[in-house]
Structures are given as structure tokens and as C-alpha cells.
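Close look at the chain arrangement
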Amino acid sequence: MRIILLGPPGAGKGTQARILTEKYGIVHIAAGDLFRENIKNKTALGLQVEEILKAGTLVPDEITIKMIAARLDQPDCKNGFILDGFPRTVAQAEALEEMLKKKAIKLDAAVQMAVDDDELVERISGRFTCSACGEGYHDKFKKPHDPDTCDKCGAKDKFTRRPDDNAEAVRTRLGVYHSQTKPILPFYEERGLLKTVDGMAPMKDVTAQILALFGAKDAPAKGFQVKKNG
Ligand code: AMP
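In short, a report on the structure. All figures in this text were calculated on a predicted structure; none of them were measured in a lab.

Parameters at a glance
- Residues numbered from 1 in each chain as written.
- Predicted model: local features only at pLDDT ≥ 70, side-chain atom pairs only at ≥ 80, totals over all residues.
- Heavy atoms only, no water.
- Buried < 20%, exposed > 50% of the residue type's maximum accessible area, 1.4 Å probe, protein only.
- Helix = DSSP H or I, 4+ residues; strand = E, 2+ residues; numbered from the N terminus.
- Pairing = 2+ DSSP bridges.
- Near = heavy atom within 4 Å.
- Polar contact = N/O pair within 3.5 Å; in protein donor to acceptor, adjacent residues only side chain to side chain.
- Areas by Shrake-Rupley, 256 points an atom, 1.4 Å probe, with all protein chains shown as cover.
- Nonpolar A, V, L, I, M, F, W, Y, C, P; charged D, E, K, R; others polar.
- 1 Å grid on protein atoms, 1.4 Å probe; cavity = no way out; pocket = protein on both sides within 12 Å on 5 of 7 lines; lining within 4 Å.
- Points joined across faces, edges and corners; volume = space filled by probe spheres on them.

Here we come to the pairing of strand E5 (residues 127-130). Side chains of E5 alternate between two faces, with Phe-128 and Cys-130 buried and Arg-127 and Thr-129 left unburied. Relative to strand E6 (residues 136-138), E5 is paired through three bridges, and the arrangement is antiparallel. Counterpart to Arg-127 in the pairing with E6 is His-138. The turn joining E5 and E6, which pair antiparallel and follow one another in sequence, is formed by five residues; a positive phi near 90° is taken by Gly-134. Pairing of E5 with strand E7 (residues 159-160), which is carried by two bridges, proceeds in the antiparallel orientation. Bridge pairing in E7 places Cys-130 opposite Phe-159.

In C-alpha cells, the structure reads:
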């Protein structure tokens, strides 16, 4: 399974990618996570992009493409991957097409998660994450049982909020999505790869819709990589 998840910030791309990754053992490549990891580790790349992420604008294509190309070269990508947050511009989509052509790899689909803009601001501004295990939560839609403790891994006082999940940066990120990322939808439509799911549906239903695109409901479809312990 080699798919791209497309959609505005807050559409649930990361959540769906994590569910599919856990279930099928495919690699989840999230451009934003890779940048944040570099910022956390204060690498040269991290220092270069920190202010850009805070503002909610896009990292230049050249830098982003180089980072993703290096990630796709890793051996764990051989059996499949979910790209989340990349590509975000037509130039990135073209570069990805070239990269995959060189590897003789074909994409299965570009899955667009359609969501109403109005809903997005509420979704994004309420979200927080367990920094120990990466589980996502929300002030309104998914509260942990104990406000200070992660339901999944039990870590205490490890919840963090992204610095770009404030109202101003969210507005910028939505604007960037409409002006720079939406134009890649026709790119994938022309190639017969664009599929759309209803990102407003409950989380489980969105997962089911994505799986149905690949001929699977709850069970992994032929060709999916199934984790041995999953
Ligand atoms: P995300 O976690 O996907 O919301 O991304 C967080 C931030 O990382 C974005 O607002 C951008 O600043 C940067 N970023 C992530 N993916 C890309 C990309 N494909 N191209 C340029 N910048 C990106």
C-alpha cells in the first residue's frame, strides 16, 4: 500500500495514518513530524525551518523534497508507506513522481480527506498530544480519562500542544492549503489516482472508507503488510 493522504490541516491525516500504520505495519512519513523532530534536536535543518513552522507557512520546496527523498530511500519504505503532509505543492508532487519513477514504484492512491473549513479551526485549536507515545487527544472530542495521564501509554504530565495550533497560525495554514496545496488535486485526478473520503465522518468510519478504497473493510486487503503482532 503506497498512498498519499491529502487534506487541510486538521482533516485527520495524522490520526488516520497512525491507525493504518499500527494496523498494517506500513511506514508513516509525516513531513511536519520530520521537521518537528529536527527542531527538537536542534539540527541545522531544524534551525532553518523553526520560524517557518511557527508562522504556519511552507518550508521551501527544495528543502522539503530533499528531506522526503532521503526518507523514502530508507529500507523500511520498501513494503509500503503513507505520505502525510507531502506533497503540498505542485512542484513537490512532480518531484515525488520523478522519485518514484526512478524506484519503479507506483502510487496506489492519493486520498483526499474532505472537511468543512469552519470545523477545522475548532478541531485544530483543541488538540494536544502525548509526547511520550504520540497519541492524539482533543479538548472536546477525545479527552483522556485522567486529564494529566495518557490513556494509551500511561505517561503523566506529558501532554503538549503544537506552537502552530494557535488561531493566527491556523488561519495562515488554511490559506496556504487553499492557495498552494489544493492545486495538486487535479494533478492526481488527471493520473486517475485521486480518491475522496468524507473527513467529517467519525474517525472509525473514515478509516473504513479508506480501507474500502483498497477493497478492505476491517481485514487487510491483498498486498497489505500485516504486522506480526497486530
Ligand atoms: P503538519 O504537521 O503537516 O501540519 O505540518 C506542519 C508545518 O510543517 C507546516 O505548516 C509547514 O510549515 C511545514 N510543512 C509540512 N509539510 C510540508 C511540505 N510538504 N512542504 C512545506 N512545508 C511543510
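As a matter of local geometry, the ligand sits amid 16 residues, with Arg-36, Thr-57, Gly-85, Arg-88 and Gln-92 nearest to it. Contacts to the ligand include Thr-57, whose backbone N or O atom sits 2.5 Å from an oxygen atom. With respect to the ligand, the side chain of Gln-92 contributes an N or O atom lying 2.9 Å from a nitrogen atom. Contact with the protein chains covers 96% of the free accessible surface of the ligand, which is 480 Å². With four residues, the single largest contributor to the shell around the ligand is helix H2 (residues 31-40). Of the residues assigned to the shell around the ligand, the class counts are six nonpolar, five polar and five charged.

The next thing to look at is empty space enclosed by the protein. The tally for this structure, following the rule as stated, stands at one cavity of 30 Å³ or more. One number sums up the size of the largest cavity: a volume of about 40 Å³. Taken together, Leu-5, Leu-6, Gly-7, Lys-13, Gly-85, Pro-87, Arg-88, Tyr-177 and Thr-181 form the lining of the largest cavity. Grouping the amino acids of the lining of the largest cavity by side-chain chemistry returns four nonpolar, three polar and two charged.

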